[in-house]
Amino acid sequence: MDFNHNKYEDWDRWVDALRKHKFDNGYKPKHEELFNYYKLSPEGRDEFRKEYIRDRMYWADKEDKFNYIIEEPSWEIYQFPLFKKKLCDMIVDEVEHFNCFLGENDGPNRHKPYTTTETWLNSIPGTNIDIAPLGYLYRSIQKMYIKPILYEVWKLKPKDMYNSWVSRYKQDEQKYLEYHTDDSICASIVSLNDDYKGGGTIFERQRKIIDREAGWCTIHPSQLTHRHAGGLVTEGTRYILVTFIS
């Protein structure tokens, strides 16, 4: 890719510039159904969610029973089913098709102390340069399913759910991430695949490795008590969808 990663100093400008660059060069999404969600009627959006959201989560929303599906595998670490596997596969397929993963020295990453090899959802264009449809889709899912759970477990009403990204860990690239705290109140991690060995999120004080099958979401406090690391991937490639929440 001939885009100049180092041209922009902040994420929003950089992501917008990358999306425009790819749009201007004729980028075509691979899975158009993910990019057309924002165009759907309320009934069409509900049908989409029924097809791609885990049945237990879809039911919990309809019945306002989120506390029925939340697990706590370790202190203040919560998990719940979110995506069906086919949605996970489509997101992984789309970011690989986009093929613009940032390394640790690319764009604004070079100013971050802990970086992953990542693709930001808002950097992927659809048919309108001013809209980031995949980012819009996931923000809608977060608003409907993750925000109520944040309130359920912590009585948190988030002011901001920063742009989300897919991180990739593999043997010939970035294999793990060192212990760190995030620059947010809490974070969410959706497992997008499970056909790898090693990996997981390692919580230092809790002495716990958290990893679930594709489609499960984990939320945890990001500072002070829950310093964590990305476990070493020893075989295959691990994909996770990450959001910082404040």
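Definitions and limits used
Residues numbered from 1 in each chain as written. Predicted model: local features only at pLDDT ≥ 70, side-chain atom pairs only at ≥ 80, totals over all residues. Heavy atoms only, no water. Helix = DSSP H or I, 4+ residues; strand = E, 2+ residues; numbered from the N terminus. Expected span 1.5 Å × (residues − 1). Buried < 20%, exposed > 50% of the residue type's maximum accessible area, 1.4 Å probe, protein only. Contact = heavy atoms within 4.5 Å. pLDDT = per-residue confidence, 0-100. Pairing = 2+ DSSP bridges. Axes fitted to C-alpha atoms, helices over the stretch in contact; angles between N-to-C directions. Parallel < 35°, antiparallel > 145°, perpendicular 65-115°, else oblique. Nonpolar A, V, L, I, M, F, W, Y, C, P; charged D, E, K, R; others polar. Arc of directions from axis to C-beta. Salt bridge = Lys/Arg side-chain N within 4 Å of Asp/Glu carboxyl O. Polar contact = N/O pair within 3.5 Å; in protein donor to acceptor, adjacent residues only side chain to side chain. Core = buried A, V, L, I, M, F, W, Y, C linked by side-chain atoms within 4.5 Å.

(A) Main features of helix α1 (residues 11–24). Its 14 residues place the ends of α1 20 Å apart at the C-alpha level, agreeing with the 20 Å of an ideal helix rising 1.5 Å per residue. What α1 keeps buried is the set Trp 11, Trp 14, Val 15, Ala 17, Leu 18, Arg 19, His 21 and Lys 22. Packing partners of the buried residues in α1 comprise α5 (85–98) and β3 (117–120). Immediately beyond the C-terminal end of α1, within one or two residues, lies Gly 26, with a positive phi of roughly 85 degrees.

(B) Structural detail: the confidence of the model for the chain. Predicted confidence across the chain gives a mean pLDDT of 92, with 93% of residues reaching 70 or more. This model gives residues 1–8 a pLDDT under 50, and the stretch forms 23 contacts once residues within four places in sequence are excluded.

(C) Structural view of the environment of Thr 234. Along the chain, the position of Thr 234 falls in strand β12 (residues 233–235). With 189 residues separating them along the chain, Thr 234 and Arg 45 place their C-alpha atoms 39 Å apart. Contacts of Thr 234, omitting those with residues within four sequence positions, involve Gln 171, Lys 197 and Gly 198.

(D) Main features of the pairing of strand β13 (residues 237–245). Burial analysis of β13 places 9 of its 9 residues in the buried class, which makes it a mostly covered element. Taking every second residue as pointing to the same face, both faces of β13 are buried, with Thr 237, Tyr 239, Leu 241, Thr 243 and Ile 245 on one and Arg 238, Ile 240, Val 242 and Phe 244 on the other. Across 6 bridges, the pairing between strand β4 (residues 165–170) and β13 is antiparallel. Across the sheet, residue Trp 165 finds its bridge partner in β13, namely Val 242. Where strand β6 (residues 186–191) lies against β13, 6 bridges are found, and the strand directions are antiparallel. Bridging from a neighbouring strand, Ser 188 pairs with Thr 243 of β13.

(E) Region of the structure containing the packing of helix α4 (residues 55–63) against helix α6 (residues 133–154). Where α4 contacts α6, the axes come no closer than 11 Å and their chain directions differ by 70 degrees. For the element pair α4 / α6, the angle class is roughly perpendicular. Taking contact as the criterion, the partners of Met 57, Tyr 58 and Asp 61 in α4 are, on α6, Met 144, Tyr 145 and Ile 149. A class-by-class count of the residues in the contact of α4 with α6 yields 5 nonpolar, no polar and 1 charged.

(F) Region of interest: helix α3 (residues 42–52). Residues of α3 that are buried: Arg 45, Asp 46, Phe 48, Arg 49 and Tyr 52. For α3, the angular spread of the buried residues around the axis is 155 degrees, confining them to a single face. Against the buried residues of α3 lie α2 (32–35), α4, α5 and α6.

(G) Seen up close, the pairing of strand β10 (residues 216–221). Burial of β10 is extensive: 6 of the 6 residues sit out of reach of the surface. Burial along β10 is two-sided: Trp 216, Thr 218 and His 220 facing one way and Cys 217, Ile 219 and Pro 221 facing the other are all buried. In this sheet, β10 lies alongside strand β2 (residues 77–81) in antiparallel orientation, the contact comprising 4 bridges. By the bridge assignment, Phe 80 is partnered in β10 with Cys 217.

(H) Fine view of the pattern of salt bridges. Under the criterion given, the structure shown has 16 salt bridges. Residues Arg 168 and Glu 173 are paired through a salt bridge, measuring 2.5 Å at the closest nitrogen-oxygen approach. Here Arg 168 falls in the buried class, since its relative accessible area comes to 8%. Where salt bridges share partners, they join Asp 46, Arg 49 and Lys 62 into one cluster.

(I) Expanded view of the side chain of Thr 119. For Thr 119, the location among the structural elements is in strand β3. Among the polar contacts listed, one links the side chain of Thr 119 to the backbone oxygen of Cys 100, at a separation of 3.5 Å.

(J) Local environment of the nonpolar core. Within the largest apolar cluster, 63 residues are counted, with the highest numbers of intra-cluster contacts made by Leu 34, Met 57, Leu 82, Phe 83 and Leu 192. Top element by residues in this core is α6. It accounts for 8 residues.

(K) Examining the sheet that holds strand β5 (residues 177–180) more closely. Across the sheet, which stays open at both edges, the 4 strands sit in the order β5-β11-β8-β9 with antiparallel pairing between neighbours. Looking at strand neighbours, the two that pair on one side only are β5 and β9 (208–210), the edges of this open sheet. For this sheet the average axis-to-axis angle between neighbouring strands, irrespective of direction, equals 20 degrees. Sheet analysis places β5 next to strand β11 (residues 228–230), joined by 2 bridges and oriented antiparallel. Directly across from His 180, in β11, lies its bridge partner His 228.

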